[in-house]
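One-letter residues, chain by chain:
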Amino acid sequence: MYLLYNSYPERAAKWRSLLTTQLPDLTFIESMDGVDPSEVQYILTWEPLANLERFTSLRIVFSAGAGVDQFDVSSFPAGVALVRMVEGSIAESMAEYVVFAVLAIHRDMVAYRADQQREEWLPSRIVPASERRVGVMGVGHLGRAALIKLQSFGFQLSGWNRSAKQVDGVKVFSGADSLSDFLSQCDVLVNLLPLTEQTRGILGRPLFDQLPRGAGIVNVGRGGHLNEADLLEALDRGQLGAAILDVFEVEPLDAEDPLWSHPRVWVTPHIASTMQLEGGAAVIVDSIQRDRSGHPLLHTVDRCTGY
């Protein structure tokens, strides 16, 4: 039983130790030198591999990170599943970041930081959390964790999802027809949608103009969700009050990118959440054991929706 590893070389030894300790009959390989592709049943990779058809015994491709939008699962050979890394540390660290970002916008910290740079002393009224409306687009594993973490602050919470979801204490809108109603009551909007053809560029002027004037944006989904020119224009005309961004189409940002210096934008280097290898290994081990025993896999990516 072979698992082909195709991700960060510096993490290979740790992955090897974690997986082979729990699956002693697993052969962990980092190249195909001397290996017949028909012997590979599992692949752990961050980037898509070409010609998956050569791996005639392939059962599962594991994404080596939380995202899966880099894969075209519809092109996978029949019978090959793509499994997402759904493990606790990713959700926990993402929820922490979302709380930080929402509180920073809620308490006007983005504006105060800009005031500091200008050496201006401009205190503003504190708005009670109970008067602040926070919405999360994408009520999946990560979105749900963020909403639950935000509940203790007393915000008016809502979510929007393509399909119906339920989160206790949260009003969840579903379907395209409800998006406008959802956006109209988001003083702070958090994007945690998957990146698909339908959601690419969704954070643009048509969406911004449906938010309350002065709303804040937190993007922790994917860089492809954001139309940067529309964001800067909305900030400059006051439709948006602040933006906290952790993901970008080009990473790292170009030195000339205006996001670096815009007074109403905070940039972080794609650090909102990260997978702990121990948790990732547990997902892989469980999936392989399920596959070998004939039980249904968990956290598989749908071939039609791409997530």
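For clarity, every value in this text was computed on a predicted model and none was experimentally measured.

Comments concerning the pairing of strand β6 (residues 133-137)
Move 1: Extensive coverage of β6 is indicated by the burial of four of its five residues.
Move 2: Both β6 and strand β7 (residues 156-161) contribute to a ladder of five bridges, which runs parallel. Looking at the pairing, R133 lines up with Q156 of β7.
Move 3: Examined bridge by bridge, β6 and strand β9 (residues 188-191) share four bridges and lie parallel to one another. In the sheet register, V136 faces β9, and the bridge partner there is V190.

Let's talk about the domain arrangement of the chain
Move 1: By domain assignment, the chain separates into domain 1 (2-87 + 275-293) and domain 2 (89-267).
Move 2: For domain 1 and domain 2, the distance between their C-alpha centroids amounts to 33 Å.
Move 3: The interface of domain 1 with domain 2 comprises nine residues on the first partner and six residues on the second.
Move 4: If you sort the residues of domain 1 by the area they bury against domain 2, D69, V86 and E87 come out on top, with a joint share of 65%.
Move 5: On inspection of domain 1 and its partner domain 2, the count reaches one salt bridge.
Move 6: Put simply, D69 and R222 hold a salt bridge, and the shortest N to O gap is 2.7 Å.
Move 7: Taken together, the links from domain 1 to domain 2 amount to four residue pairs in polar contact (both at pLDDT 80 or more).
Move 8: In terms of residue class, the side of domain 1 that touches domain 2 is built from five nonpolar, two polar and two charged.

Description of helix α1 (residues 12-22)
Move 1: Regarding α1, the residues found buried are A12, W15, L18 and L19. Axial view of α1: buried residues confined to an arc of 140°, hence all on one face. Those residues of α1 that are exposed and aimed more than 90 degrees away from the buried face are A13 and T21.
Move 2: Packing partners of the buried residues in α1 comprise β1 (2-6), β2 (27-29), β3 (40-45) and α8 (277-293).

A look at the pattern of salt bridges
It is possible for side chains of opposite charge to pair when their charged atoms get near one another.
Move 1: Scanning the entire structure with this criterion turns up 16 salt bridges.
Move 2: Here E30 ties to R16 by a salt bridge, and the two come within 3.0 Å at their closest N and O atoms. Highlighted residues: E30 in the loop between β2 and β3 and R16 in helix α1, separated in sequence by 14 residues.
Move 3: Taking the relative accessible area as the measure of exposure, E30 reaches 43% and is therefore partly exposed.
Move 4: By sharing partners, the salt bridges in this structure join R205, D209, E233 and R237 into a single network.

So, the packing of helix α2 (residues 88-106) against helix α4 (residues 141-150)
Move 1: Put simply, α2 and α4 touch, their axes get as near as 8 Å, and they point 50° apart. Here α4 runs oblique to α2, going by the angle between their axes. Relative to α4, the crossing made by α2 is right-handed. Taking contact as the criterion, the partners of I90, A91, E92, M94, A95, V98, V99 and V102 in α2 are, on α4, H141, L142, A145, A146, K149 and L150.

Structural notes on the side chain of N161
Move 1: Mapping N161 onto the fold places it in strand β7.
Move 2: On the accessibility criterion, N161 (9% relative accessible area) is buried.
Move 3: The residues touching N161, leaving out its near neighbours within four places in the chain, are G138, V139, G140, F173, S174 and G175.

Here we look at the layout of surface pockets
Move 1: The computed volume of the second largest pocket comes to approximately 280 Å³.
Move 2: Lining the second largest pocket are 16 residues, and of these L195, T196, E197, T305 and G306 lie nearest its centre.
Move 3: For the lining of the second largest pocket, the residue count by class is five nonpolar, five polar and six charged.
Move 4: Two domains each provide a minimum of three residues to the lining of the second largest pocket, namely domain 1 (2-87 + 275-293) and domain 2 (89-267).

Considerations on helix α7 (residues 228-236)
Move 1: All buried positions along α7 are accounted for by L231, L232, A234 and L235. Seen along its axis, α7 keeps its buried residues to an arc of 165°; they face one direction. In α7, the exposed positions angled more than 90 degrees off the buried face are occupied by A229 and D236.
Move 2: The inward-facing, buried residues of α7 abut α6 (205-208), β11 (240-245) and β12 (265-267).
Move 3: For α7, the capping residue at the N-terminal end is N227, with a side-chain oxygen 3.3 Å from the backbone nitrogen of A229.

Conventions and cut-offs
Residues numbered from 1 in each chain as written. Predicted model: local features only at pLDDT ≥ 70, side-chain atom pairs only at ≥ 80, totals over all residues. Heavy atoms only, no water. Buried < 20%, exposed > 50% of the residue type's maximum accessible area, 1.4 Å probe, protein only. Helix = DSSP H or I, 4+ residues; strand = E, 2+ residues; numbered from the N terminus. Pairing = 2+ DSSP bridges. Domains from an automatic or database assignment. Contact = heavy atoms within 4.5 Å. Buried area = accessible area lost by both parts, 1.4 Å probe. Salt bridge = Lys/Arg side-chain N within 4 Å of Asp/Glu carboxyl O. Polar contact = N/O pair within 3.5 Å; in protein donor to acceptor, adjacent residues only side chain to side chain. Nonpolar A, V, L, I, M, F, W, Y, C, P; charged D, E, K, R; others polar. Arc of directions from axis to C-beta. Axes fitted to C-alpha atoms, helices over the stretch in contact; angles between N-to-C directions. Parallel < 35°, antiparallel > 145°, perpendicular 65-115°, else oblique. Left-handed = near helix turned anticlockwise from the far one by under 90°. 1 Å grid on protein atoms, 1.4 Å probe; cavity = no way out; pocket = protein on both sides within 12 Å on 5 of 7 lines; lining within 4 Å. Points joined across faces, edges and corners; volume = space filled by probe spheres on them.

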